[in-house]
Every structure is written in structure tokens, then in C-alpha cells.
Amino acid sequence: MTIIVTGGAGFIGSNFVFHMLKAHPEYRIICLDKLTYAGNLSTLEPVLEQDKFRFVRADICDREAVEKLFEEEKPDMVVNFAAESHVDRSIENPGIFLETNIMGTAVLMDACRKYGIQRYHQVSTDEVYGDLPLDRPDLFFTEETPLHTSSPYSSSKAGADLLVMAYHRTYGLPVTISRCSNNYGPYHFPEKLIPLMIANALADKPLPVYGEGLNVRDWLYVEDHCKAIDLIIHKGRVGEVYNVGGHNEKQNIEIVKIICRELGKPESLITHVGDRKGHDMRYAIDPTKIHNELGWLPETKFEDGIKKTIRWYLDNKKWWQDIVNGEYQQYYDKMYGNR
Ligand code: NAD
């Protein structure tokens, strides 16, 4: 079995690469990643020299490069994590989100059609469902919830999801889609809420919270997401969408206070800043389908996962400090510059 994992130098993709190499030592895992600002080759250092692993730097929008890789590797599956993923950046500059998230998905699926594939899996997000009101805790996103996006990021992900289902219906491409809630854990890029707050708190810098911080997100430990995708690509039904989430809703302000407490830092570091444009109020996933059909359940409780995550950021300061000061971007040249 050969699997192309796109975006494998990013947060969730790298965790998925590690998971797959461990869970399926007989599989060949090919990481295709453009190494944008969010991709970090040093993350993959522990596996770069392994026989069953190959790293290829390429853009999923580059048809020629994608087809060349398909010809060389004849993959059995593609799992597409590659995306522009930061909502704030999508508000500043939507164009690149449409290119990578929609056009890139089309290029990958065209290659799957041309060369044949057992499974194309699209890693999507609960943000395609829009948001839920704070005063209706009884409401959850199911796979039948209509797509109703708020940001250019979520719109580009929803566009890709629609295209994936269209390729299934029109061309019979064997696809699956997972829509997961917010992930946290090791290798999370330090512009996102949890790692940003950990990094700032450690430096005694202000902890910027949008508005009152009452927005609710449904947090899942990244390993649990990787295990869900592993199950879906092997046992999930073709043409189906699976929601992935652990019923772990927390207000942003609660998360920041937990981080302060765990690090022994004062809550006076919290600084309320102007709210994000179009800020979604509440995300909450109903994971009944993946539980009933595939037996998936999250294994990591939030109280343990957040402790593990904070410990990881304390033990791996070089990883995120290199990002904060920009040094990680020179890593590719150091590793592959003359190859
Ligand atoms: P990330 O930003 O950490 O990583 C994205 C990776 O994709 C990076 O390595 C980047 O270099 C690569 N990439 C970007 N554009 C590319 C291109 N054109 N060609 C090849 N590679 C490219 O993102 P993440 O948080 O790991 O998210 C991965 C996927 O999971 C995304 O599709 C995202 O929409 C989805 N998702 C994320 C979350 C979350 O909480 N982070 C939740 C649900 C779904």
C-alpha cells in the first residue's frame, strides 16, 4: 500500500504521517508538501531517512509535478491535508485559499482519475457548517447540516467538499470526506490559539483574546483525529462524509485561563482585542455516525491532552522558537538544498 499524504509537513498532516508509519509499518508513505510558511520540514526529521517514507516538495496546484509523482509512485490512496488553513489570513488575502484549497483539490483528483486510485480522502473541517448560536446548546452539526460558511477559508473548504462529491457522482471517483472540529497537540503552528497562548505566556507577553472570548470551539486531540482518518480510509463507505469530534466544547477564554493555570502565569496577561470579522460563535460536532459505523471514539480527555500539549511545547522550545524567529524556513535548503 502506497499513500500520498499532502500537507504532511503541517500540523495534522505530520501527526498523521507519524501515526501511519507506526500503525502500518508495511505501508509506503509519500509526503507531498509545498512548504509554505506553515510547512516545516524539521517536523519530519525523525522519519526523513526511513525506507518507507519519502518527502517531495511540490505544490498540489502544479499538475505536472503531481502527475510525475503519481507516475513514479503509483499510489493506492491520497489523503489531502494540504491547505491554507488560517482564518485570519483568509480574511486578509482570500485568493491563495481558493487556489490551494479548491484548485489544488481538483488537480489531485484529476490525477487520481487519470492513474486510478483505491481511495481519495479529503480532510475537511466543521467550519463548512457555519456556526451555531450560543444559547442553543442542544444543537450540533450532523453530516446533513447544510453548508453555510462564514469566512473565505471555510468557503474554500466547502467548495472543495462539493467538488469532491461531484467527482464521486460524475466520474465515480472513490472518495471519502472527514469534517473535524478544532485540533490541538504537538507541532501546532504558533499562530493558532493554543500554541500562541503557550508561547506568549511563557514569555510573559500579553495573551490577545478576540472580543470577550466567549466563542465556543469543540477541541480534539490531534492523535484522535489521525486515528479517525485511518479508520475512514480503510473502513469508511465510499461517497460518505464523516464528522469527527469529541464533545469537548470550551470557550476561548476558558482555554486561555487553563493555559495560564497550567503554566503558573497570571490571568492579568489576558488582553481583549477587537473581534475577528464575521467571527463564528459556536462549533459543535455530532460524531454519532463515525461512532456507530466505524466504532471510533476519542481516546484522549481534554484535561490530559492539554497537559501533554503544554509539556510538549515546554520540551520542544527550539521547534516553535525557530518558527517564531523565521529560522525554520532555511531548514529545507540545509537538508535538500544541493539535491
Ligand atoms: P497547517 O496549516 O498546519 O498545514 C498545512 C500544510 O499544507 C503545510 O505543511 C503547508 O506547507 C501545506 N501546503 C499549503 N499549501 C500547499 C500547496 N499548495 N501544495 C502543497 N502543500 C501545501 O494545517 P493543519 O492545521 O495541519 O490542517 C490540515 C488540514 O486539516 C487542512 O485541510 C485543514 O483545513 C484541516 N483541518 C484543520 C483543523 C485544525 O484544527 N487545524 C480542523 C479540521 C480540519
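Residues numbered from 1 in each chain as written. Predicted model: local features only at pLDDT ≥ 70, side-chain atom pairs only at ≥ 80, totals over all residues. Heavy atoms only, no water.

An unreviewed UniProt entry annotates the protein as dTDP-glucose 4,6-dehydratase originating from Anaerovibrio slackiae. Entered under Catalytic activity (unreviewed entry) in the UniProt record, the comment concerning the protein runs "dTDP-alpha-D-glucose = dTDP-4-dehydro-6-deoxy-alpha-D-glucose + H2O". (UniProt positions renumbered as here; feature names shortened; annotations may be inferred.)

Novice: Teacher, can you tell me more about the site of the ligand here?
Specialist: By nearness alone, 28 residues border the ligand, and Ile12, Asp33, Ser85, Tyr153 and Lys157 come closest of all. Interatomic distance of 2.6 Å between a side-chain N/O atom of Asp33 and an oxygen atom of the ligand. Between Gly39 and the ligand, the recorded distance is 3.5 Å, taken from a backbone N or O atom to an oxygen atom. For the ligand, whose free accessible area comes to 840 Å², the fraction covered by protein is 96%. Secondary-structure elements contributing two or more residues to the shell around the ligand are helix H1 (11-23), strand E5 (119-125), helix H5 (152-171) and strand E7 (182-184). In terms of residues, the shell around the ligand owes the most to one element, E5, which gives three residues. Taken together, the residues that form the shell around the ligand break down as 13 nonpolar, eleven polar and four charged. (Near = heavy atom within 4 Å. Polar contact = N/O pair within 3.5 Å; in protein donor to acceptor, adjacent residues only side chain to side chain. Areas by Shrake-Rupley, 256 points an atom, 1.4 Å probe, with all protein chains shown as cover. Helix = DSSP H or I, 4+ residues; strand = E, 2+ residues; numbered from the N terminus. Nonpolar A, V, L, I, M, F, W, Y, C, P; charged D, E, K, R; others polar.)

Novice: Before we go on, may I ask you to explain empty space enclosed by the protein in this structure?
Specialist: To find leftover empty space, a probe the size of one water molecule is rolled over the atoms. Taken as a whole and assessed by the stated rule, the structure comprises one cavity of 30 Å³ or more. Along its surface, the largest cavity is lined by Ala9, Gly10, Phe11, Ser14, Ala38, Asn40, Thr43, Tyr187, Phe189, Trp319 and Ile323. Mapped by element, the contributors of at least two residues to the lining of the largest cavity are H1 and helix H11 (317-324). Of the residues in the lining of the largest cavity, the class split is seven nonpolar, four polar and no charged. (1 Å grid on protein atoms, 1.4 Å probe; cavity = no way out; pocket = protein on both sides within 12 Å on 5 of 7 lines; lining within 4 Å. Points joined across faces, edges and corners; volume = space filled by probe spheres on them.)

Novice: Would you mind going over the layout of surface pockets with me for this structure?
Specialist: Taken as a whole, the second largest pocket encloses approximately 330 Å³ of empty space. Lining the second largest pocket are 16 residues; nearest its centre among them are Ser42, Glu45, Lys318, Asp322 and Tyr331. At the level of elements, H11 and helix H12 (331-336) are the ones that each hand at least two residues to the lining of the second largest pocket. For the lining of the second largest pocket, the element with the most residues is H11, which contributes three residues. Class assignment for the residues of the lining of the second largest pocket results in six nonpolar, five polar and five charged.

Novice: What is the right way to look at the sheet that holds strand E4 (residues 77-80) in this model?
Specialist: One key point about sheets: their strands pair by backbone hydrogen bonds, in either a parallel or an antiparallel sense. Pairing in this open sheet of seven strands is parallel, and the strands run E3-E2-E1-E4-E5-E6-E10 from one edge to the other. The open sheet has two free edges, formed respectively by strand E3 (53-57) and strand E10 (240-244), since each of these has just one partner strand. Averaged over all pairs of adjacent strands, the angle between strand axes in this sheet comes to 20°, irrespective of strand direction. Relative to strand E2 (residues 28-33), strand E1 (residues 2-6) is paired through five bridges, and the arrangement is parallel. Within E2, the residue paired with Ile4 across the bridge is Ile30. Its contacts with the sheet put H5 on E5 and strand E6 (175-180), and the angle it makes with E5 is roughly 155°. (Pairing = 2+ DSSP bridges. Axes fitted to C-alpha atoms, helices over the stretch in contact; angles between N-to-C directions. Contact = heavy atoms within 4.5 Å.)

Novice: Please explain the side chain of Ser90 as it appears in this structure.
Specialist: Note that Ser90 resides in helix H3 (residues 87-92). Given a relative accessible area of 0%, Ser90 falls into the buried group. Those residues within four positions of Ser90 in sequence are excluded, and the remaining contacts are Phe97, Ser151, Pro152 and Tyr153. (Buried < 20%, exposed > 50% of the residue type's maximum accessible area, 1.4 Å probe, protein only.)

Novice: Could you clarify how one ought to interpret the side chain of Lys157 in this entry?
Specialist: Tracing the sequence through the fold places Lys157 in helix H5. Buried within the structure, Lys157 lacks any salt-bridge partner; its nearest side chain of opposite charge belongs to Asp161, at an N-O separation of 6.1 Å. At a separation of 2.9 Å, a polar atom in the side chain of Lys157 contacts the main-chain carbonyl oxygen of Val123. Those residues within four positions of Lys157 in sequence are excluded, and the remaining contacts are Ala83, Asn101, Gln122, Val123, Ser124, Thr125 and Val128. (Lys, Arg positive; Asp, Glu negative; His and termini not counted. Salt bridge = Lys/Arg side-chain N within 4 Å of Asp/Glu carboxyl O.)

Novice: How should the environment of Ala106 be read in this particular structure?
Specialist: With respect to the helices and strands, the residue Ala106 is situated in helix H4 (residues 95-115). Distance from Ala106 to Phe11, taken between C-alpha atoms, is 22 Å for residues 95 residues apart in sequence.

Novice: Explanation requested: the pattern of salt bridges in the structure shown.
Specialist: The full count for this structure, using the stated rule, is 21 salt bridges. Arg63 is paired through a salt bridge with Asp110; the nearest N and O atoms lie 2.8 Å apart. A residue pair is termed long-range when its members are at least 10 positions apart, and Arg63 in helix H2 (residues 63-73) and Asp110 in helix H4 qualify at 47 residues. Arg237 serves as the salt-bridge partner of Glu240, at 3.6 Å between the closest nitrogen and oxygen. It is possible to trace a salt-bridge network through shared partners that takes in Arg28, Arg54, Lys68, Glu72 and Glu73.

Novice: What's the story with the packing of aromatic side chains in this structure? I'm lost.
Specialist: Two measures describe an aromatic ring pair: the distance that separates the ring centres and the angle between the ring planes. Going through the model one piece at a time under the given rule, you end up with 14 aromatic pairs. Their ring planes at 50° and their centres at 5.2 Å tell us that Phe16 and Phe81 sit as a pair that is tilted. Linking Phe16 in helix H1 with Phe81 in the loop between E4 and H3, this pair joins segments that are 65 residues apart in sequence. Since its relative accessible area comes to 0%, Phe16 is described here as buried. Residue class for Phe81 comes out buried when judged on its relative accessible area of 11%. Members of the aromatic cluster, each reached through a chain of ring pairs, are Phe18, Tyr187, Trp312, Tyr313 and Trp319. (Phe/Tyr/Trp six-rings, centres within 6.5 Å; stacked < 30°, edge-to-face > 60°.)

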